[in-house]
Amino acid sequence: MQVVWFKRDLRVEDHRALVEAAQAGPVLPIYVVEPELWQQPDASARHWAFVAETLVGLRADLARLGQPLVVRFGPIVDVLDALEQAGMLNALWSHQETGNDWTYQRDLKVAAWCRERGVPWTEVQNHGVWRKLESRDGWAARWDRLMAEPVSPPLALQPVDAEPGTVPAARDLDMVNDPCPQRQAGGRHAGLERLTSFLANRGETYQREMSSPASGAEVCSRLSPYLAWGALSMREVTQACEARRRSLPNGARNWQRSLRSFSGRLHWHCHFIQKLEDDPRVEFANMHSVYDGLRPQTPSAGLLGAWSAGETGYPFLDACMRSLQATGWLNFRMRAMVMATASYHLWLDWRAPGLHLARMFTDYEPGIHWSQVQMQAGTTGINTVRIYNPVKQGYDQDPTGVFIRTWVPELSEIPDVYIHEPWKSEASTHVIGRRYPVRVFDHLAAARAARERVWAVRRGPEFRAEARAIVAKHASRKTGRASGKQRSKREVATQLSLPFGDTP
């Protein structure tokens with residue numbers, strides 16, 4: 001009996017662990033609902049709701065192959081014990097997972113259990129992340145080759161005599177109520193619809209409009225939760241994108257630019273997860289140690305609460321946070337802005353706001369998330385310091401205030417000309433401090449103070465030496481040069497920075 005353990009790979013298409021297991025013998029496909037995992041501080045009920053919907057679809061897909069998904073509840077080692085005692089476990093298969101620290105420690109326990117019982121555990125590479133990577137040199141070329149490999153079709157499965165079990169609700173896991181009325185639906189079918197509609201029509205203006213939180217909700221692919229939880233594979237998305245590019249007629253410039261930009265972000269997806277794979281400390285510790293102690297370790301509850309609730313007194317920032325609460329999604333630029341504002345203007349250590357965002361993002365992918373949190377907090381030591389102006393971003397990305405008025409209805413009395421800075425309007429006396437909060441920080445003064453603090457620690461020689469080591473370990477190879485060769489100051493300064501097309 002070959003047990004295939006599904007984790008963040010909830011699909012049958014391009015599931016190489018499932019294919020290889022089916023070639024070795026009868027397969028028991030299993031998902032283990034681990035209560036302790038769902039009580040971690042980065043987990044939320046919206047995550048579980050998405051996963052639960054995806055499991056229902058996965059069970060149906062597996063049933064069509066001959067054996068439906070089996071769901072079990074409890075610690076994975078206890079589940080494996082029960083399977084072994086029932087004579088239903090001869091070999092364990094799964095995809096490699098680069099998750100949070102809890103899943104890493106859990107996998108170590110599973111590995112120890114398998115060694116003690118003499119049960120072989122085969123972990124198959126899931127996407128473009130390599131374990132025990134010695135050097136980033138040539139990483140992009142390896143990624144391209146992996147993504148060009150044929151997509152693995154599912155194989156027929158022999159039926160197994162096992163009780164299928166039920167998919168629990170969030171309340172069964174004692175999870176905090178987490179209303180997200182506009183959350184994306186889980187499941188592979190929904191993911192395929194998003195992929196098809198993006199490549200057929202929605203993505204044409206992606207390159208030009210993705211920075212706006214309003215238009216971005218439509219023109220962005222919205223594939224991130226399906227990739228994060230594995231309803232779609234990175235390989236099949238990459239190949240679909242390339243097939244669409246090849247089919248474009250001459251002169252389709254908007255499409256060409258948009259798909260090039262989208263393809264680049266597919267590379268970045270695995271690039272950032274590779275950082276967590278190479279250095280699990282990224283989830284907890286500053287990547288560059290010079291920032292240790294720079295910000296208070298205990299966050300201001302008042303400032304963190306105002307930021308989390310979208311009650312800072314800055315309309316565009318608050319609209320983004322409220323939109324995230326209701327939808328589980330923000331476009332990339334706005335994710336960068338809200339995190340940077342928490343880190344610089346509110347001067348909060350990145351861990352607490354990072355956990356809040358992790359819970360809010362339906363597409364929470366630990367490797368991408370914690371790398372980006374540190375990047376926007378400026379603690380990597382090798383990124384350009386980006387202190388986003390929340391007022392300017394509003395003027396740039398929501399010039400008519402439509403997005404603000406959608407999510408901050410308290411400002412209905414404020415004229416359009418003042419919607420980004422309502423404190424300048426005469427009508428503000430009836431609104432600010434009554435229906436809408438007074439600003440909890442001065443964005444210009446706070447940015448100036450943060451910039452001085454950050455640059456003060458970046459000027460010393462010890463900063464540069466450690467930064468060079470971080471570049472060698474984690475940075476992309478934009479110029480194709482090996483890590484040991486000379487790099488310009490600008491190249492080091494911009495490593496890991498994604499192109500935004502304009503100044504924050």
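Residues numbered from 1 in each chain as written. Predicted model: local features only at pLDDT ≥ 70, side-chain atom pairs only at ≥ 80, totals over all residues. Heavy atoms only, no water.

Colleague: Quick question: what am I supposed to make of empty space enclosed by the protein here?
Modeller: Over the atoms, a rolled probe matching the size of one water molecule traces out where space is still vacant. For the coordinates displayed, the defined rule picks out nine cavities of 30 Å³ or more. Size it by volume and the largest cavity reaches roughly 880 Å³. In terms of lining residues, the largest cavity is bounded by 38 residues, among which Ser224, Phe332, Arg335, Asp363 and Ile368 are the most central. Among the elements of the structure, helix H9 (224–228), helix H11 (253–278), helix H14 (332–345) and helix H16 (366–377) are those that each provide at least two residues to the lining of the largest cavity. Here the lining of the largest cavity gets six residues from one element, more than from any other, and that element is H11. (1 Å grid on protein atoms, 1.4 Å probe; cavity = no way out; pocket = protein on both sides within 12 Å on 5 of 7 lines; lining within 4 Å. Points joined across faces, edges and corners; volume = space filled by probe spheres on them. Helix = DSSP H or I, 4+ residues; strand = E, 2+ residues; numbered from the N terminus.)

Colleague: What is the right way to read unusual backbone geometry from this model?
Modeller: Leaving glycine aside, a negative phi is the common case for residues, and trans is the common case for peptide bonds. Of note, Asp14 is a non-glycine position whose phi angle comes to about 50°, a positive value. With respect to the helices and strands, the residue Asp14 is situated in the loop between strand S1 (2–6) and helix H1 (16–24). Judged by its relative accessible area of 1%, Asp14 falls in the buried class. Even without a glycine there, the phi angle at Asp174 is positive, about 55°. (Buried < 20%, exposed > 50% of the residue type's maximum accessible area, 1.4 Å probe, protein only.)

Colleague: Mind showing me how you'd approach the nonpolar core here?
Modeller: When a protein is soluble and globular, its nonpolar side chains tend to lie buried together. Ranked by internal contacts, the top residues of the largest apolar core, which has 62 residues, are Phe6, Tyr31, Trp38, Trp48 and Leu62. Among the elements that make up this core, the one with the highest residue count is helix H2 (residues 45–65) (nine residues). In this structure, Phe6 is in contact with Arg11, His15, Leu18, Pro29, Ile30, Tyr31, Leu58, Leu62 and Leu69, ignoring residues within four places of it in sequence. Core analysis: the second largest hydrophobic core is formed by 61 residues, Trp350, Ala358, Ile404 and Ala475 among them. (Core = buried A, V, L, I, M, F, W, Y, C linked by side-chain atoms within 4.5 Å. Contact = heavy atoms within 4.5 Å.)

Colleague: What is the right way to read a positive patch on the surface from this model?
Modeller: Taken together, the side chains of Arg208, Arg253, Arg257 and Arg260 present a region of like positive charge at the surface. Considering every element that reaches the positive patch, the biggest residue donor is H11, with three residues. Its place among the elements puts Arg260 in helix H11. (Patch = residues over 30% accessible without salt bridge, like charges linked within 9 Å, V, L, I, M, F, W, Y side chains within 5 Å. Areas by Shrake-Rupley, 256 points an atom, 1.4 Å probe, with all protein chains shown as cover. Salt bridge = Lys/Arg side-chain N within 4 Å of Asp/Glu carboxyl O. Lys, Arg positive; Asp, Glu negative; His and termini not counted. Charge placed at Lys NZ, Arg CZ, Asp CG, Glu CD.)

Colleague: I keep staring at the layout of surface pockets and nothing clicks. Help me out?
Modeller: Within this model, the second largest pocket holds a volume of roughly 360 Å³. Along its surface, the second largest pocket is lined by 17 residues, and Glu97, Tyr104, Asp107, Arg131 and Glu277 are the ones closest to its centre. Among the elements of the structure, helix H4 (101–117), strand S5 (121–124) and H11 are those that each provide at least two residues to the lining of the second largest pocket. Here the lining of the second largest pocket gets six residues from one element, more than from any other, and that element is H4. For the lining of the second largest pocket, a count of residues per class yields six nonpolar, four polar and seven charged. (Nonpolar A, V, L, I, M, F, W, Y, C, P; charged D, E, K, R; others polar.)

Colleague: Hey, could you run me through the pattern of salt bridges in this one?
Modeller: Pairing of side chains with opposite charge becomes possible as their charged atoms draw close. Overall, the coordinates contain 28 salt bridges when judged by the stated rule. Of the charged contacts in the structure, one is a salt bridge between Glu277 and Arg131, with a shortest N-O distance of 3.8 Å. Within this pair, whereas Glu277 is found in helix H11, its partner Arg131 is found in the loop between S5 and helix H5 (139–148), the two being separated by 146 residues in sequence. With a shortest N-O distance of 2.9 Å, Glu410 and Arg322 are connected by a salt bridge.

Colleague: So what exactly am I meant to see when it comes to the pairing of strand S4 (residues 91–95) here?
Modeller: For a regular strand, the rule is simple: side chains alternate between the two faces of the sheet. The buried fraction of S4 amounts to five of the five residues, a majority that puts the element mostly inside the structure. Along S4, one buried face is formed by Ala91, Trp93 and His95 and the opposite face, lined by Leu92 and Ser94, is buried too. Where S1 and S4 come together, three bridges link them in parallel fashion. Looking at S4, one finds that Gln2 is bridged to Ala91. With four bridges connecting them, S4 and S5 associate as parallel partners. Across the sheet, residue Ser94 finds its bridge partner in S5, namely Glu123. Remark: the S4/H4/S5 crossover connection has right-handed handedness. (Pairing = 2+ DSSP bridges. Right-handed = clockwise from strand over helix to strand, strands pointing away.)

Colleague: Would you explain H16 in this entry?
Modeller: For the α-helix, the turn length of 3.6 residues means that residues three or four positions removed from each other point alike. Its twelve residues place the ends of H16 16 Å apart at the C-alpha level, agreeing with the 16 Å of an ideal helix rising 1.5 Å per residue. Restricting attention to buried positions, one finds in H16 the residues Pro366, Gly367, His369, Trp370, Ser371, Gln372, Val373, Gln374, Met375, Gln376 and Ala377. The inward-facing, buried residues of H16 abut H11, H14 and helix H15 (351–360). Positive backbone phi, at 80°, marks Gly378, one or two positions downstream of H16. (Expected span 1.5 Å × (residues − 1).)

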